[in-house]
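# Commentary on secondary and tertiary structure
Spelled out, the chains give:
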Amino acid sequence: MRWTSLGDFMAMGGYGLYVWGSYALALAFMLIEPWLASRRHQRAARALDQTNSQD
Amino acid sequence: VPRLQRLPRCVYRLRKVDCCIFSDAFWDQLLKPFFTFAAPSRFYALTNKLLPWLWVTAILFALAGLYLGFLVAPTDATQGEAYRIIFIHVPAAWMSMLLYVVMAGWAVIGWAFNARLASMVARAIAPTGAMFTFLALWSGALWGKPTWGAWWVWDARLTSELILLFLYVGYMALTESIDDVRRADHAGALLALVGAVNVPIIYFSVRWWNTLHQGATISMSAAPKMADTMLNAMLLMTVACWAYAFAVVFQRTRAIVLEREAHTEWALALGSTMAKVAKVRS
């Protein structure tokens, strides 16, 4: 391992903003997208429950 | 409705040719059971079991890839640490192209064979494909600035990837704007099919045109030009992205299945069990 400290790791040899900027958006997208998908699924399930209780 | 009338005219014409693939026997005995097996109800039950495993796979491979990419892989001789963007950039770019081909394929199958589930899968892939396309463009811009000195250039690779994003967005806008879901599926399939011509253009753009973008990272004809650890980290991240894409697309397809099949018997039976689960939880 070539990093001497956490600060060194975060700095990424002066490219920290570019490197972490890429991974931060990836992480944000990959947390939000599954959340949106499961929320849509839950909504559909709830709507189905309502039709059921009306019958 | 006679079965033939539901097929597009080009398929009907082909069936007139005396060819076993388009004979009635082939259709009835092989194709039809295949699409019955791919019934939304079965898909719904199967993916319920698959999803946890896909998420575990995605997380484990991402952790392994990031460990290898950030803690083991050496510094690049020319690009310094900026090159570490590759571990998300290349998998995202690969996924953006692959998902488009898969989306167009399912959309066309759903159209040609009137297979409902195929159309639903195609509709579910679009947002994930758009997400990976945006991620490839974003990470590319953040990589371009320190290495080329520009966030963006109108070069063949970047421009064709931007067109891919517009194709995904156009597909979603078109399908969401048509109320009749099956008509929306068919219109989307046509758009996806026409847009598919862009995928080979993206892939070969670095060879066909003189571009600023570097050549293919991995090619079938030459040995990899990068260190083993770098390559392995990138491949681990690619597997993680595959598992992620499967998981989130399945999750979204499940939502679409419930939305569209709400009137069917199996879905209604499912609804009652879900209500019970919800009550137990609350």
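Shown above is the structure to which this text applies.
A short tour of the structure in this document, coming up. As the structure is a computational prediction, the values presented were derived from the model and not from experiment.

The next point concerns the overall build of chain A. Within chain A one finds two helices and zero strands. Scaling as 2.2 N^0.38, a compact globule of 55 residues should have a C-alpha radius of gyration of about 10 Å, whereas chain A reaches 21 Å, well beyond that. With 55 residues in all, chain A has 35% of them scored as buried. Surface summary for chain A: the accessible area is close to 3,500 Å², and the carbon and sulfur share equals 63%. Here chain A contributes 5 positively and 4 negatively charged side chains, and the mean placements of these two sets differ by 6 Å.

Now for the overall build of chain B. Along its length, chain B carries eleven helices and zero strands. Traced from its N-terminal end to its C-terminal end, chain B shows the element sequence α-α-α-α-α-α-α-α-α-α-α. The proportion of buried residues among the 282 residues of chain B is 44%. When contacts within chain B are restricted to residue pairs at least 6 apart in sequence, long-range pairs at least 24 apart make up 73% of them. Approximately 14,600 Å² of chain B is accessible, and the part contributed by carbon and sulfur atoms is 68%.

Moving on: the interface of chain B and chain A. Contact with chain B, which involves 44 residues of that partner, is made by 28 residues of chain A. Taking both partners together, chain B and chain A bury about 3,200 Å²; carbon and sulfur atoms supply 71% of that area. The largest per-residue losses of area from chain B upon contact with chain A belong to F70, L71 and E81 of chain B, which jointly make up 18% of the total buried on that side. At the junction of chain B with chain A, the criterion picks out two salt bridges. The residue R40 of chain A makes a salt bridge to E259 of chain B at a minimum N-O spacing of 2.9 Å.

Below, the discussion takes up helix α6 (residues 116-148) of chain B. All names here are of chain B. Along its 33 residues, α6 runs 47 Å from first to last C-alpha, staying within 8% of the 48 Å computed at 1.5 Å per residue. Of all the bends in α6, the greatest reaches close to 25° and is centred on A126; the proline P127 follows between one and four positions later. Among the 33 residues of α6, 25 are classified as buried, and the element is accordingly described as predominantly covered.

Bringing the side chain of R157 of chain B into the picture now. Residue and element names in this part refer to chain B. Counting through the fold element by element, R157 comes out in helix α7 (residues 156-177). As a buried residue without a salt bridge, R157 has its nearest oppositely charged side chain in E161, at a separation of 6.3 Å. Setting aside its immediate chain neighbours within four residues, R157 contacts I202, Y203, S205, V206 and H213.

For the rest of this paragraph, the subject is a nonpolar patch on the surface. Residue and element names in this part refer to chain B. On the surface, V56, I59, L60, F61, L63 and V239 cluster together into a nonpolar patch covering about 510 Å² of accessible area. If one sorts the elements of the nonpolar patch by residue count, helix α4 (residues 40-72) sits on top with five residues. Inspection of the secondary structure assignment puts L60 in helix α4.

What follows deals with α4 of chain B. Residues and elements named next belong to chain B. For α4, with 33 residues, the first-to-last C-alpha span of 44 Å sits near the 48 Å given by 1.5 Å per residue. The largest bend in α4 comes to about 35°, at L50, with the proline P52 one to four residues further on. Those residues of α4 lying buried are P40, F43, Y44, T47, L51, L54, A58, G65, L68, G69 and F70.

Turning our attention to the packing of α7 of chain B against helix α8 (residues 181-195) of chain B. All names here are of chain B. The geometry of α7 relative to α8 is characterised by a closest axis approach of 9 Å and an angle of 165° between their N-to-C directions. In terms of orientation, α7 lies roughly antiparallel with respect to α8. Remark: the crossing between α7 and α8 carries right-handed chirality. Residues L167, G170, Y171, L174 and T175 of α7 lie in contact with α8, whose contacting residues are A184, A187, G188, A189, L191, A192 and G195. Broken down by class, the residue content of the contact of α7 with α8 amounts to eight nonpolar, four polar and no charged.

On to the environment of V108 of chain B, then. All names here are of chain B. Mapped onto the elements of the fold, V108 is located in helix α5 (residues 86-112). The class of V108 is partly exposed, set by a relative accessible area of 23%. A sequence separation of 142 residues divides V108 from F250, and the C-alpha atoms of the two residues are 19 Å apart. Residue contacts for V108: discarding those within four places in its chain leaves A189 and L193.

Once that is clear, we can look at the pattern of salt bridges. All names here are of chain B. This model, assessed by the stated rule, comprises eight salt bridges over all chains. Note that E261 and R116 form a salt bridge whose closest N and O atoms lie 2.6 Å from each other. Here the residue E261 occupies a position in the loop between α10 (228-260) and α11 (265-281), and R116 occupies one in helix α6, the gap between them amounting to 145 residues. Two residues, R123 and D185, come together in a salt bridge whose shortest N-O distance is 2.7 Å. On the criterion of sequence distance, the pair formed by R123 in helix α6 and D185 in helix α8 is long-range, its members being 62 residues apart. Comparing R123 with D185, the two get one shared label, buried. Through salt bridges that share partners, R123, E176, R182, D185 and R260 make up one connected network.

What counts and how
Residues numbered from 1 in each chain as written. Chains lettered and ligands numbered in written order. Predicted model: local features only at pLDDT ≥ 70, side-chain atom pairs only at ≥ 80, totals over all residues. Heavy atoms only, no water. Helix = DSSP H or I, 4+ residues; strand = E, 2+ residues; numbered from the N terminus. Rg over C-alpha atoms; globule rule 2.2 N^0.38 Å. Buried < 20%, exposed > 50% of the residue type's maximum accessible area, 1.4 Å probe, protein only. Areas by Shrake-Rupley, 256 points an atom, 1.4 Å probe, with all protein chains shown as cover. Lys, Arg positive; Asp, Glu negative; His and termini not counted. Charge placed at Lys NZ, Arg CZ, Asp CG, Glu CD. Contact = heavy atoms within 4.5 Å. Buried area = accessible area lost by both parts, 1.4 Å probe. Salt bridge = Lys/Arg side-chain N within 4 Å of Asp/Glu carboxyl O. Expected span 1.5 Å × (residues − 1). Bend = angle between axes of the 7 residues up to and from the residue. Patch = residues over 30% accessible without salt bridge, like charges linked within 9 Å, V, L, I, M, F, W, Y side chains within 5 Å. Axes fitted to C-alpha atoms, helices over the stretch in contact; angles between N-to-C directions. Parallel < 35°, antiparallel > 145°, perpendicular 65-115°, else oblique. Left-handed = near helix turned anticlockwise from the far one by under 90°. Nonpolar A, V, L, I, M, F, W, Y, C, P; charged D, E, K, R; others polar.

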